[in-house]
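So you can see what is in the structure, the chains are spelled out below.
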Amino acid sequence: MRKTLLNTMGLLLALFGATNASAQSTVELPYSISFNSTNDVWTNIDASGNSGTPWFFNADWGSDGFCLPGSWSAIPSYCMKTSVSGANAYYVSPAFDLKKDKTYTVKVNTGRMYFTKAQLSLEYGKSATDASAFTTVSDIQMPETSVQYDNSYDVNVAEDGAYYFAFHGVGTFASSSNEYVYAFSFDIAEKTGGETPDPVDPPAVDQDGTLPYDMTFDSAEKFATWTTLDNSDTPGVTWAYTASDFAGKPAAHMGVDTKSGTCDWLVSPRFELKEGKSYTITMDAASGEGNTMDLMLDYFVGGKEIGKQLSIDYIGSKLPAKVGESDEVKNKWILNVTKDDVYQIAFRALGHTPNTTTDAISIYSVQIVENAEGEPDAPAALPYATSFAEEKGAEGWTAMDRSGNVSSTWSWNSYGYQEYGSDWNPVGDQHPCVGFSSDWGTNANDYWISPLFKLEPGKTYVAKAHTAVNRTCLEAATTSLTMKLGTNKKVQGSFDKTLGIFELNTVYDRDPSTFEFTVEKAGNYYVAFHISDATGENAYGYIFDFSLAEKGSGEPEAPVATEAATGFAAAELTAEKSVALTWTNPTKDVDGKDLPADALLTVKVYEGEELLATQDAQAPGSKGTYTKEYTADTFAGEHAYKVVVVYKDKESEAATATLTVVVDAINGVVVPTDAKVSVHTLGGAAVGNNLSTLGKGTYIVTMKRADGTMKTVKVTK
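Residues numbered from 1 in each chain as written. Predicted model: local features only at pLDDT ≥ 70, side-chain atom pairs only at ≥ 80, totals over all residues. Heavy atoms only, no water.

Draft legend 1. Looking closely at the overall build of the protein chain. Within the protein chain one finds four helices and 50 strands. Counting the 717 residues in the protein chain, one finds 46% classified as buried. Of the contacts made within the protein chain by residues no fewer than 6 positions apart, 73% connect residues no fewer than 24 positions apart. On the protein chain, roughly 34100 Å² of surface is accessible, and the fraction owed to carbon and sulfur atoms is 50%. (Helix = DSSP H or I, 4+ residues; strand = E, 2+ residues; numbered from the N terminus. Buried < 20%, exposed > 50% of the residue type's maximum accessible area, 1.4 Å probe, protein only. Contact = heavy atoms within 4.5 Å. Areas by Shrake-Rupley, 256 points an atom, 1.4 Å probe, with all protein chains shown as cover.)

The following block contains the structure:
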């Protein structure tokens, strides 16, 4: 609460010269008072017809003093109580000598509790005792309870003279309970042009700006080249120019708005920006002490329209913004432009509750510059081949998203592609790859762009790739996956040559798609995988590899997975409590071609999904072996194994084998009390879980304990 700033001379005049209101002794301006203690300077007029003093000093929470949310103590203030008997009371100031040719600014701080329906207004008149002599300056709107509201009003009088101001409270008789309105402070001063500048009307249309752009908000005329958008619940107070903010500096300023929460944009002139270019936005700004409003950096494309803004960054409520927890100031942001159009930068003040006196944001200057292109890409050598089975295979590739919604685009995915059968159950293993998941509710329009290649006319080039799509792409028949050639990896329009259309397929290891093409002139080119879908729901693409070479000049084969290992078997080694795994490594790839005799295969051995071993440098057609050792507790039971062959970063389908290890036991088996029991015949038929009811014979009994361990025994009755 602000300290009492009662003018000493004015107070003496009020105390000794205005005890009788008719004397009309005046208090000098400027005048300021905080009602945080009792005073005999302000007086009451009770126009309700009831005896008593309606306005009274209240500093007690227990007597319905004014309390902020979460507070257990009252803010001292003057209060008017309403009840069923009604209220119509004036809390009247000392007299002030006002001139008709001057403007006076009156500032008040007020509040209400209990959702009172009472109306509070600011009035002025030429009598301290006659209620009918007062004229309304303005009703004081206070839509929320437990909030202190600052309001400012400009007052002009019709003739020179002594005038009184009053807080006028009127009860509505809408409730049988006591309801309260509060006055916290009152200020009046002669208005001067430098302190509160007259508003400058915004331009009728948005102005055009040029780059590089440099704006310092040090005059009302400069501020008027920007426009505002007020989307608050109750539009009113918005961004405005001030010659002196909380720091005494000129600024584009967002301050007190007592009517509702804030959602207001300060919008720049229009700038013609180009696709593929990036622009740096630099801002110098500060926030008032205790500010709770947030500042967002947005932009509009094609014209400013509420609800059509796009966000660059959340800046925060404490300005200047800082980088993380450090003291480094963050005052620069990058805008990457995805299409040629008209753009407008916008600063959005956002607050969920009405702004109090501490809520204030000032923007002092804004600069916008186009960034330099940077070093050009170095062409990759031909022949070129890469696999996306590992993330390193995607080095040098970039994604370009030109969808209406840029929430997703091409990227390397360790989870990768999972093929599904006709019943939507998974088929085979997951395959890491570069993938695209569709943007919902907008068109897919995304490019996966290769490194740069130097190509020449008169030569034929061969591009190959293995790809796949999700089943929904086939069923909806709206997805397009093509290979294109372009000259600028940031500009969609440069990819104007289609090299080929991929046949949409959900099979992982089918033949690669092969496209031959030529170029008309020598230059640097990019190859791109382009996926699109007008419905915005059915584009799911997967790229496993890519190669590019000049035809007939040792073009590399795109990486192809091998066939699965053959003859995979698991054998029980009873005495050693072990299982011996054997297999034969493949000699052909999935296309049926012989592997080079010097090919080096990597074999991964699994039990379930647990990797047991990785065997490197295995020759095609060689015999593979691995022995898994167990303990007495883990040996018995069912075991599932698989081997996967890796060649040039591509995995084969898994070869699988299962083995049930049975441990012989004597007649009479002690079953742990916490175990679940299942009994099968030697032929595998389930016959229940009660040994005592079984006939004579030999059975396989499986016991699973509560801790998850399992034991299988053979029982003969």
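Draft legend 2. Examining the nonpolar core more closely. Membership of the largest hydrophobic core comes to 39 residues, with the highest contact counts inside it found for Trp-448, Met-483, Phe-517, Phe-529 and Phe-546. Not counting the four nearest positions on each side in its chain, Phe-517 is found in contact with Leu-455, Lys-459, Thr-460, Tyr-461, Ala-463, Leu-485, Leu-499 and Leu-548. (Core = buried A, V, L, I, M, F, W, Y, C linked by side-chain atoms within 4.5 Å.)

Draft legend 3. Structural view of the packing of aromatic side chains. Following the criterion strictly, the structure yields 49 aromatic pairs and no others. Geometrically, the ring pair formed by Tyr-182 and Phe-184 is stacked, given 6.4 Å between the ring centres and 10° between the ring planes. Tyr-182 gets classed as buried once you look at its relative accessible area, which sits at 0%. Residue Phe-184 is classed as buried on the basis of its relative accessible area of 0%. Cation over ring: Lys-249 sits above Tyr-364, and NZ or CZ is 3.8 Å from the ring centre. Across the ring face of Tyr-606, the terminal group of Lys-642 is positioned such that the distance to the ring centre comes to 4.9 Å. (Phe/Tyr/Trp six-rings, centres within 6.5 Å; stacked < 30°, edge-to-face > 60°. Lys NZ or Arg CZ within 6 Å of the ring centre and 35° of its normal.)

Draft legend 4. Structural detail: the sheet that holds strand β39 (residues 566-573). Strand order in the open sheet formed by three strands is β39-β40-β43, and the pairing between neighbours is antiparallel. Looking at the sheet topology across the chains shown, the edges are occupied by β39 and β43 (623-629). Averaged over all pairs of adjacent strands, the angle between their axes in this sheet comes to 15°, without regard to strand direction. Pairing of β39 with strand β40 (residues 578-584) involves six bridges; the strand directions are antiparallel. Within the sheet, the bridge partner assigned to Leu-573 lies in β40 and is Ser-578. (Pairing = 2+ DSSP bridges. Axes fitted to C-alpha atoms, helices over the stretch in contact; angles between N-to-C directions.)

Draft legend 5. Inspection of the pairing of strand β29 (residues 444-449) at higher detail. Summarising burial for β29: six of the six residues are buried, a large majority. Along β29, one buried face is formed by Ala-444, Asp-446 and Trp-448 and the opposite face, lined by Asn-445, Tyr-447 and Ile-449, is buried too. Across four bridges, the pairing between strand β26 (residues 398-401) and β29 is antiparallel. Its bridge partner lying in β29, Asp-401 is registered against Asp-446.

Draft legend 6. Region of interest: the sheet that holds strand β28 (residues 426-437). The four strands lie next to each other as β27-β28-β37-β32, forming an open sheet whose pairing is antiparallel. If you trace the sheet from one side to the other, it starts and ends with β27 (411-420) and β32 (467-469), each paired once. Averaged over all adjacent pairs, the angle separating strand axes in this sheet is 45°, with direction ignored.

Draft legend 7. Structural context of the confidence of the model for the protein chain. Taken as a whole, the protein chain shows an average pLDDT of 84; of its residues, 88% reach a score of 70 or greater. Contacts of residues 1-23 to residues separated by more than four positions or lying in other chains number 40 contacts, the stretch itself having pLDDT below 50. Within the model, pLDDT remains below 50 along residues 194-203, and this stretch shows 12 contacts once partners closer than five positions in the same chain are excluded. (pLDDT = per-residue confidence, 0-100.)

Draft legend 8. Region of interest: the pairing of strand β4 (residues 77-82). The buried fraction of β4 amounts to five of the six residues, a majority that puts the element mostly inside the structure. Alignment of strand β3 (residues 55-58) against β4, held across four bridges, turns out to be antiparallel. Looking at the pairing, Phe-56 lines up with Cys-79 of β4. Alignment of β4 against strand β12 (residues 179-190), held across five bridges, turns out to be antiparallel.

Draft legend 9. Main features of the layout of surface pockets. The calculated volume of the second largest pocket comes to roughly 770 Å³. Taken together, 31 residues make up the lining of the second largest pocket; nearest its centre are Asn-336, Val-337, Thr-338, Arg-402 and Val-406. Breaking the lining of the second largest pocket down by element, the ones donating at least two residues are β20 (294-301), β21 (310-316), β22 (332-336) and β26. For the lining of the second largest pocket, the element with the most residues is β26, which contributes four residues. The residue inventory of the lining of the second largest pocket, partitioned by class, reads 12 nonpolar, 12 polar and seven charged. (1 Å grid on protein atoms, 1.4 Å probe; cavity = no way out; pocket = protein on both sides within 12 Å on 5 of 7 lines; lining within 4 Å. Points joined across faces, edges and corners; volume = space filled by probe spheres on them. Nonpolar A, V, L, I, M, F, W, Y, C, P; charged D, E, K, R; others polar.)

Draft legend 10. Structural context of the pattern of salt bridges. Across all of its chains, the model carries 25 salt bridges by this definition. Of the charged contacts, one joins Lys-277 and Glu-373 as a salt bridge, the two residues approaching to 2.8 Å between their closest N and O atoms. With Lys-277 in the loop between β18 (271-273) and β19 (278-287) and Glu-373 in the loop between β24 (361-370) and β25 (384-387), the pair connects residues that are 96 residues apart, well separated along the chain. A residue is classified by how much of its surface remains accessible, and Lys-277, at 25% relative accessible area, is partly exposed. Glu-550 is paired through a salt bridge with Lys-459; the nearest N and O atoms lie 3.6 Å apart. Of this pair, Glu-550 sits in strand β38 (residues 545-550) while Lys-459 sits in the loop between β30 (453-455) and β31 (461-465), and the two are 91 residues apart along the sequence. The class for Glu-550 is partly exposed, based on a relative accessible area of 27%. Residues joined in a network through salt bridges with shared partners are Lys-277, Glu-370 and Glu-373. (Salt bridge = Lys/Arg side-chain N within 4 Å of Asp/Glu carboxyl O.)

Draft legend 11. Here's a closer look at the environment of Glu-503. Of note, Glu-503 is situated in the loop between β34 (497-501) and β35 (513-517). Measuring from C-alpha to C-alpha, the distance between Glu-503 and Thr-482 comes to 9.0 Å, with 21 residues separating the pair along the chain.

Draft legend 12. Examining unusual backbone geometry more closely. Cis geometry marks the peptide bond from Leu-29 to Pro-30; its omega dihedral reads 0°. Mapped onto the elements of the fold, Pro-30 is located in the loop between α1 (8-17) and β1 (31-34). At the junction of Leu-319 and Pro-320, the peptide bond is cis and its omega measures out at 5° in the coordinates. Structurally, the position occupied by Pro-320 is in the loop between β21 and β22. Positioned with a positive phi, Ala-477 is a non-glycine residue whose angle comes to about 60°. As for its placement among the helices and strands, Ala-477 is situated in the loop between α3 (471-476) and β33 (479-486).

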